[in-house]
Amino acid sequence: MIVLDLKHNMARLTADIDLEQKSIRRAAQRALNVAARGRRTDASRALRDRYPSLKARDANDAFDVRFASVQDLQAVITVRGRPFSVARFFVRSDKKTGGGVIVNIKGQRKTIRTAFLAQMKNKSGEDYGVVFVRTGKSRYPLKALRTIDLPNAVNIKEIAEILEAQTGERFDKEFSRQLQVALSRI
């Protein structure tokens, strides 16, 4: 869970500005909500850059944003999701080198030896693929291969640092713009 808190971001401005004034609180609320929306967009874009096979809809659906209100100047972004199946990144079966599957997870192809793609059916009868690998010497047991889940992917250090910087810049820029609009009305 990612929390954008006005008190944390605005420590230097609280001495100069009376946040109890309603128009200024509204400007802060609007700027915080713009920053939260932007953070969701930036995170989705960063994840799709890192994992090219990830669809925008899957990335966007994982984010739940609770926007700030005038009374509670805090926006909360929650990232939910289960690990993706390796089959989502499946390219083709590798029959030339003795079996396995070729996947493209981070923009480069890798072969997973002894793995295979099995077609399954869900409850509604739709087909989907699962990549399995044998864990024993015999035919069974099998293990379904999974990749990283989106909550952990967002917390990867390099992505988190970029998102933090972009969110701070967006909030500062939008707050100064909203503050000018609010003060021009007074």
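To start, this report covers the structure provided alongside it. Keep in mind it's a predicted model, so treat the numbers as computed, not measured.

Conventions used here
Residues numbered from 1 in each chain as written. Predicted model: local features only at pLDDT ≥ 70, side-chain atom pairs only at ≥ 80, totals over all residues. Heavy atoms only, no water. Core = buried A, V, L, I, M, F, W, Y, C linked by side-chain atoms within 4.5 Å. Buried < 20%, exposed > 50% of the residue type's maximum accessible area, 1.4 Å probe, protein only. Helix = DSSP H or I, 4+ residues; strand = E, 2+ residues; numbered from the N terminus. Contact = heavy atoms within 4.5 Å. Pairing = 2+ DSSP bridges. Axes fitted to C-alpha atoms, helices over the stretch in contact; angles between N-to-C directions. Expected span 1.5 Å × (residues − 1).

1. Notes on the nonpolar core
One recurring pattern in soluble globular proteins is that nonpolar side chains are buried together.
So, step 1. Core analysis: the largest hydrophobic core is formed by 30 residues, its most contacted members being Leu47, Tyr51, Leu54, Phe63 and Leu150.
So, step 2. Looking at this core, the element that brings in the most residues is helix α2 (residues 22–50), giving eight residues.
So, step 3. Setting aside chain neighbours within four positions, we find Phe63 in contact with Arg40, Ala43, Ser44, Leu47, Ile77, Thr78, Val79 and Val154.
So, step 4. Val86, Ala87, Val103 and Leu145 belong to the second-largest nonpolar core, a separate cluster that totals eight residues.

2. Points about the sheet that holds strand β4 (residues 90–93)
So, step 1. Strand order across the open sheet formed by three strands is β4-β5-β6, with antiparallel pairing between neighbours. The sheet is open, and its two edges are formed by β4 and β6 (109–112), each paired on a single side. Going across the sheet, the axis of each strand differs from the next one's by a mean of 25 degrees, ignoring polarity.
So, step 2. Direction of pairing for β4 relative to strand β5 (residues 101–104): antiparallel, over a ladder of three bridges. Bridge pairing links Ser93 to Val101 in β5.

3. A word on helix α5 (residues 157–185)
So, step 1. Here α5 spans 42 Å end to end across 29 residues, near enough to the 42 Å set by a 1.5 Å rise per residue.
So, step 2. Burial in α5 covers these residues: Ile159, Leu163, Thr167, Phe171, Glu174, Phe175, Gln178, Leu179 and Ala182.

4. Comments concerning the environment of Val34
So, step 1. Here Val34 is to be found in helix α2.
So, step 2. We classify Val34 as partly exposed; its relative accessible area is 25%.
So, step 3. As a C-alpha pair, Val34 and Arg170 span 136 residues in sequence and 7.8 Å in three-dimensional space.
So, step 4. Excluding its chain neighbours within four sequence positions, the residues that come into contact with Val34 are Arg170 and Glu174.

5. Digging into the sheet that holds strand β7 (residues 115–121)
So, step 1. Read across the sheet, three strands follow the order β7-β8-β9 without closing on themselves; strand pairing throughout is antiparallel. Two strands close off the open sheet at either side, each with one partner strand: β7 and β9 (142–144). On average, each strand axis in the sheet is inclined to that of its neighbour by 45 degrees, with strand direction left out of account.
So, step 2. Two elements, β7 and strand β8 (residues 127–134), share seven bridges in a ladder whose sense is antiparallel. From the neighbouring strand, Met120 faces β8, where its bridge partner is Tyr128.

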